[in-house]
Amino acid sequence: MAEYNPLPLLLVSEQLAKLPGIGMKSAGRLAYHILNMPVEQVEEFSQTILKARKSVGFCKICQNFTEQEICSVCADEGRDKSVICVVESPKDVSAFERTGGFEGSYHVLHGLLSPTDGITPDDIRIRELMARLSGDVEEVIMATNPTIEGETTASYIGRLIKPLGIKVTRLAYGLPAGSMLEYADEVTLQRALENRNEL
């Protein structure tokens, strides 16, 4: 944005541009819109975001977002706790839950291994996953995205789990390579889940 814009507008634009998928041009449009809103609406908007960020934490079992100590999926006695579906982010849990076809539990890694970006096993929730693998767990489904990072993460975790005698499977490739789970339709996700393969 040019220097003729007021500094607060530039600062709002810079903050908005930090969000995924928002470039400087879109951030500028959003900043103009926000500064045109009534002050009360801006206060409500910012307070809602702040309140959500402060009240949402991680489930102590699966690491998904929750307002409680344990999320609703982990608290559901009807879920099959012997099957854990490992995903990259909470968005992926939502994608699977929309299909209505998975009755197991989840584990959210909050990232993928990426040596080029300096993301190591200590930076994602692998340790928490390994701590869950007691005698009750029979299968771990690696449901990371079919990208280089997703494949690397799935292979790494698979190698850690196999010596424990737990079946490790990978989603079938009904998902297009390079795509993201959150954008897949329910039918594609369901087929990928049903046709998963052992690693």
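Everything discussed here concerns the structure shown above.
The structure reproduced in this document is the subject of the present report. (Residues numbered from 1 in each chain as written. Predicted model: local features only at pLDDT ≥ 70, side-chain atom pairs only at ≥ 80, totals over all residues. Heavy atoms only, no water.)

### Quick notes on the overall build of the protein
In plain terms, the rule: Under the DSSP-based scheme used, a helix requires at least four consecutive residues in state H or I and a strand at least two consecutive residues in state E, with every element numbered from the N terminus. Residue contacts follow a heavy-atom distance rule, with two residues in contact if any of their heavy atoms lie within 4.5 Å. Surface exposure here means Shrake-Rupley accessible area, sampled with a 1.4 Å probe, where a residue is shielded only by the protein chains that are shown. Residues counted as positive are Lys and Arg, residues counted as negative are Asp and Glu, and His and the chain ends are not counted. One atom stands in for each charge, and that atom is NZ of Lys, CZ of Arg, CG of Asp or CD of Glu.
Summing up its helical and strand segments, the protein has eight helices and seven strands in all. If you line up the protein on its principal axes, its C-alpha atoms span 65 × 35 × 35 Å. Of all intrachain contacts in the protein linking residues separated by at least 6 positions in sequence, the fraction that spans at least 24 positions is 55%. Surface accessibility of the protein: about 11,800 Å² in total, with carbon and sulfur atoms responsible for 55%. The distance from the centre of the 20 positive side-chain charges to the centre of the 28 negative ones in the protein is 2 Å.

### So, the nonpolar core
Our working rule: Nonpolar cores are built from buried Ala, Val, Leu, Ile, Met, Phe, Trp, Tyr and Cys residues. Side-chain atoms within 4.5 Å join them into one set. Type-normalised accessible area, obtained with a 1.4 Å probe on protein chains alone, sets the label of each residue: buried when under 20%, exposed when over 50%, and partly exposed for intermediate values.
Judged by nonpolar contacts, the single largest core of 22 residues is most densely connected at Cys 85, Val 87, Phe 96, Phe 102, Tyr 106, Ile 141 and Leu 171. Put simply, the parts of the chain that give this core at least two residues each are helix H4 (72–75), strand S3 (80–87), helix H5 (90–99), strand S4 (104–108) and helix H8 (186–194).

### What about the sheet that holds S3?
Basically, it comes down to this: Whether two strands pair comes down to DSSP finding at least two bridges between them. Under this scheme, a helix contributes an axis fitted over its contacting stretch, all axes are lines through C-alpha atoms, and angles between N-to-C directions fall in the 0 to 180 degree range.
Taken in spatial order, the five strands line up as S4-S3-S5-S6-S7 in an open sheet, and their pairing is mixed. The open sheet has two free edges, formed respectively by S4 and strand S7 (197–198), since each of these has just one partner strand. Its contacts with the sheet put H5 on S3 and S4, and the angle it makes with S4 is roughly 160 degrees.

### Concerning helix H2 (residues 24–36)
We apply this condition: An expected span of 1.5 Å times one less than the residue number is assigned to each helix.
Here H2 spans 18 Å end to end across 13 residues, near enough to the 18 Å set by a 1.5 Å rise per residue. For H2, the elements touching its buried residues are helix H1 (7–16) and helix H3 (39–55).

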